[in-house]
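# Understanding the architecture of this molecule
Next come the chains, spelled out residue by residue.
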Amino acid sequence: MNRLYQYFIPAVVLLFSLQSCEQNKAEVKKTTTPSAPEIEAVNPKQGDFASSTTIPGELQPFQKVDVYAKISSFVKKLYVDVGNEVVAGQLLATLEAPELNAQQSAAASTLKSKEAIYIASKAKYNRLKETSKTPGTISALDLEQALAAQQSDIAQLEAAKASYREVMDVKSYLEIRAPFSGNIATRNVSAGAYVGPSGKGSEFPLFSLVQQNKLRLTVNVPESYTGSLNKNGDIKFSVQSIPGETFTAKVSRFAGALDNRLRSQSVEMDVYNKDKRLLPGMVANVILPLSENNKALSVPTSAVLNSTLGVFVIRVEKNIAKWVPVTAGISNGDTTTIIGEVSPNDVIIKTATEEIRDGQSIQVKLSK
């Protein structure tokens, strides 16, 4: 019996010692656990918000035309080449079509013949009319027939004149002239080449003429920016080939409808290029000014949470995080406008992440 107590008492002491150690470890662990760090928060700002964004555009000639031959012919002489500056009405090339000379001679002969016939019939009618003044000399029927013959001959004379003018008009197409002032961008023929209307003589035009002193800057404005686009004033843009310099364009024309594929509106701006440093076809970086109507609430862009459930900001109410759905407006990079149930006095997490759950207890530090 004494031997049993000898072993029982040390075992009980050892058990209490182990329980005491575990309790002390738990207390030490509880007291050494660090508190959660405070998360930075901000108040939404209210005020006039203006921003801009950069979108690509393309410089195009204000006017451009491919010059074809009107009739099938041969190039007789060229007066301009690629890069030449021309003025409206300037002669660019002369063509030749020998068959037109024969047509002109035939039309001229027909015209002279009809003119002689008309002169004769007119003289006959005038004599009969003068003679008819003496009663009983000329019957009324003869006089009417002479008048009808004169009218027929004058009609045929007018037709001959029209045919002659038609031949001369066709011959005028043998002179190729500039429809407007500009620069010769391409030349696709040489002297002696056979040319004609598109598909009937030449696959390519004789010349391509572009207006270079005035350009069109074409920009496709995304749908999200069409409502806030500043439609007045000038627009700044730059090109890669002339770094460090900006140019000015004047907003002039709006398509008035969205492209079904790109969901954007085409906007045209006029660019005056008197020094001709800008070239048609250049890609421009257009600085598109945007404006937000009325007073807008804005928060740091990092405070806007784009999740699979939607767009939110995280508001802190009595140290509890609450996801608030909002609509994001325009952004200037660091700041974004928002629309939703948010006021300037709300406390918003500055850097929102999905790790901060809705309804989670949280400690915040308000930034100034």
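Rules used throughout
Residue numbers restart at each chain and count upward from 1, following the sequence in its written direction. It should be noted that, the model being predicted, local features are given only for residues of pLDDT at least 70 and side-chain atom pairs only at 80 or more, the latter also being counted only at that level, while totals for whole chains, interfaces and linings use all residues. To get the side-chain values, all heavy atoms of the structure are used, and hydrogens and water are removed first. UniProt positions are given in the numbering used here, feature names are shortened, and annotations may be inferred rather than shown by experiment. Think of it this way: any DSSP run of H or I at least four residues long counts as a helix, any run of E at least two long counts as a strand, and we number them from the N terminus. Strand pairing is assigned whenever DSSP identifies at least 2 bridges connecting the two strands. When a carboxyl oxygen of Asp or Glu is within 4 Å of a side-chain nitrogen of Lys or Arg, the pair counts as a salt bridge. Buried, partly exposed and exposed residues are distinguished by accessible area as a fraction of the type maximum, computed with a 1.4 Å probe on protein chains only: under 20%, between the cut-offs, and over 50%, respectively. We place a 1 Å grid over just the protein atoms. Points where a 1.4 Å probe fits but has no way out form a cavity, open points with protein on both sides within 12 Å along at least 5 of 7 lines form a pocket, and any residue with an atom within 4 Å of a point lines it. Grid points are joined across faces, edges and corners, and a volume is the space filled by probe spheres set on the points. Geometry of aromatic contacts follows a simple scheme: Phe, Tyr and Trp rings, the Trp one being its six-membered ring, pair when their centres are within 6.5 Å, and the pair is stacked under 30 degrees between planes, edge-to-face over 60, tilted otherwise. Over a ring means this: the NZ of a Lys or the CZ of an Arg is within 6 Å of the ring centre and within 35 degrees of the ring normal.

The next point concerns the UniProt feature "coiled-coil region" (unreviewed entry) in the protein. In the UniProt entry, the feature "coiled-coil region" (unreviewed entry) is given for residues 140-167. Secondary structure content for residues 140-167 is 100% helix and 0% strand, and the end C-alpha separation is 41 Å.

Moving on: unusual backbone geometry. Of note, K318 is a non-glycine position whose phi angle comes to about 55 degrees, a positive value. Assignment of secondary structure puts K318 in the loop between β19 (310-317) and β20 (320-331). Located in the positive-phi region is N319, a residue other than glycine, with phi close to 65 degrees. Tracing the backbone shows N319 in the loop between β19 and β20.

Quick look at the pairing of strand β5 (residues 73-78) now. With two bridges connecting them, β5 and strand β10 (residues 194-195) associate as antiparallel partners. Each residue of the ladder has a partner; that of F74, found in β10, is Y194. Sheet analysis places β5 next to strand β7 (residues 91-96), joined by four bridges and oriented antiparallel. Bridged to V75 within β7 is L95.

It is worth spelling out the pattern of salt bridges at this point. In total, this model carries 13 salt bridges according to the counting rule given. Between D234 and K250 there is a salt bridge, and its shortest N-O distance comes to 3.9 Å. Of this pair, D234 sits in strand β13 (residues 234-239) while K250 sits in strand β14 (residues 247-258), and the two are 16 residues apart along the sequence. By relative accessible area, D234 is classed as partly exposed at 46%. Residue classification places K250 among the partly exposed positions, given a relative accessible area of 40%.

As a further point, take the layout of surface pockets. In this structure, the second largest pocket encloses a volume near 160 Å³. In terms of lining, the second largest pocket is formed by K76, T94, L95, E96, A97, P98, L100, N101, K171, S172, L174 and E175. Listing elements by their share of the lining of the second largest pocket, those giving two or more residues are β7, α2 (98-131) and α3 (140-172).

On to the packing of aromatic side chains. A full pass over the atoms with the stated rule returns three aromatic pairs. Between F312 and W323, the aromatic rings sit 5.3 Å apart at their centres with planes inclined by 50 degrees, giving tilted as the arrangement. Taken together, the residues F312 in strand β19 and W323 in strand β20 connect sequence positions eleven residues apart. Here the two residues F312 and W323 agree in accessibility, since each one is buried. Seen from the ring of Y173, K70 lies directly overhead, with NZ or CZ sitting 5.8 Å from the centre. Sitting over the ring of F62, R216 keeps its end group 4.3 Å from the ring centre.

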